[in-house]
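Examining the three-dimensional arrangement
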Amino acid sequence: GNGLLKKKTLVPGQGVDSRPQKGQDVTIRLKATLEDGTVVEEDPALTFTLGDCDVLQALDLCVQLLEMGETALIVSEAKYCYGAQGRSPDIPPNASLTLEVELLAARDAPDLELLSGKEKIQLANRKRERGNFFYQQADYVLAINSYDIALRIAGSSSKVDFSPEEEAELLDVKVKCLNNLAASQLKLDHFKAALKSCNLVLEHQPGNIKALFRKGKVLAQQGEYREAIPILKAALKLEPSNKTIHAELSKLVKKHADQRNVETEMYRKMLGNPSTSSTPRKCKDKLPWSIPWKWLFGATAIALGGVALSVVIAARN
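Residues numbered from 1 in each chain as written. Predicted model: local features only at pLDDT ≥ 70, side-chain atom pairs only at ≥ 80, totals over all residues. Heavy atoms only, no water.

Considerations on the packing of aromatic side chains
Evaluation of the coordinates by the stated rule reveals three aromatic pairs. Between Y82 and F133 the ring centres are 6.1 Å apart and the planes differ by 90°, which places this aromatic pair in the edge-to-face class. On the criterion of sequence distance, the pair formed by Y82 in the loop between β4 (71-76) and β5 (97-108) and F133 in helix α2 (residues 117-136) is long-range, its members being 51 residues apart. Residue classification places Y82 among the buried residues on the basis of a relative accessible area of 10%. The structure contains a cluster of three or more aromatic residues connected by ring pairs, namely Y82, F133 and F134. (Phe/Tyr/Trp six-rings, centres within 6.5 Å; stacked < 30°, edge-to-face > 60°. Helix = DSSP H or I, 4+ residues; strand = E, 2+ residues; numbered from the N terminus. Buried < 20%, exposed > 50% of the residue type's maximum accessible area, 1.4 Å probe, protein only.)

So, in structure tokens, the structure goes:
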């Protein structure tokens, strides 16, 4: 509806009922060209999971509208292709693409429980690498989506026995995804989610430097300098030559010191100066304890005179 993505049917397909569904594995023939006609990609049988953002958004959105056997021409602005960064060396930044697509096949995705160890590792790695692509494009929402899919695959139950080596490799994929997921969440200021991702890594690998570093950064972003500093110190102990950790730790130590100074000043203002408040203040206008006798007798005489006058008035009445 925004004019940035257009589809034109060149060869009709087999009807609306033959359109593929999200979650299915589809196979297409693809030819991609720049506005000047330069061919930048050609694949006679490109297979991907529809809706998983495995390919360009232009394809993921438009293939859902293709009928089986249909050939269509898709004209897409850079937003739904390679964006402001392009794809070095053949696709320049902010480049529009024309995609000629033919839908060849659509089938249900394989049952994760029945995948072999090797197949599961390959599939999870493909989703992780796609997440890395989106991260490099600074599209952190789509990166998180791809890492979540990869984690779901790596952590799915299985009816097939895996070798110890395959189990270790799956764990490695899971740890990489969690670390990259934390990095993406941190970019979006999703601190609670990023902290959870870091903690999941550290449950498997307590000495994982990336997870320790990112956990320290998350806590620092939340102002928890006291908790962040020892975590970064632990990361630096594992890799003393890491300049990035050195710089971050130095910055946090200074921020923590500044924070303590601010708190100290605030408490001082709230409680006042103890040296002056502990000493009772002297009253400058203190009345003398001695009362002049003349004043006392005068006051007594007035009081007695008033009583006598009251008695006389009462007697007359």
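Next comes the rest of the account.
Looking at the confidence of the model for the protein
Looking at the protein, pLDDT values average 87 and 85% of them are 70 or higher. In the model, residues 276-280 has pLDDT below 50 throughout and makes zero contacts with residues more than four positions away in sequence or in other chains. With pLDDT under 50 throughout, residues 307-317 is counted as low confidence; its partners more than four residues away or in other chains account for zero contacts. (pLDDT = per-residue confidence, 0-100. Contact = heavy atoms within 4.5 Å.)

Here we look at the pairing of β5
In the sheet, strand β2 (residues 24-33) pairs with β5 via 10 bridges, with the strands oriented antiparallel. If you follow T33 over to β5, its bridge partner there is T98. Inspection of the sheet shows β4 paired to β5 by six bridges, in the antiparallel sense. Pairing of S76 across the sheet is with L97, part of β5. (Pairing = 2+ DSSP bridges.)

Quick word on the nonpolar core
Core analysis: the biggest nonpolar cluster contains 74 residues, and I28, F48, L59, V63, L97, L99 and V101 have the highest contact counts within it. No other element matches helix α3 (residues 140-154), which puts nine residues into this core. Dropping the residues within four chain positions of it, F48 is found in contact with Q24, D25, V26, I28, D54, V55, D60 and V63. (Core = buried A, V, L, I, M, F, W, Y, C linked by side-chain atoms within 4.5 Å.)

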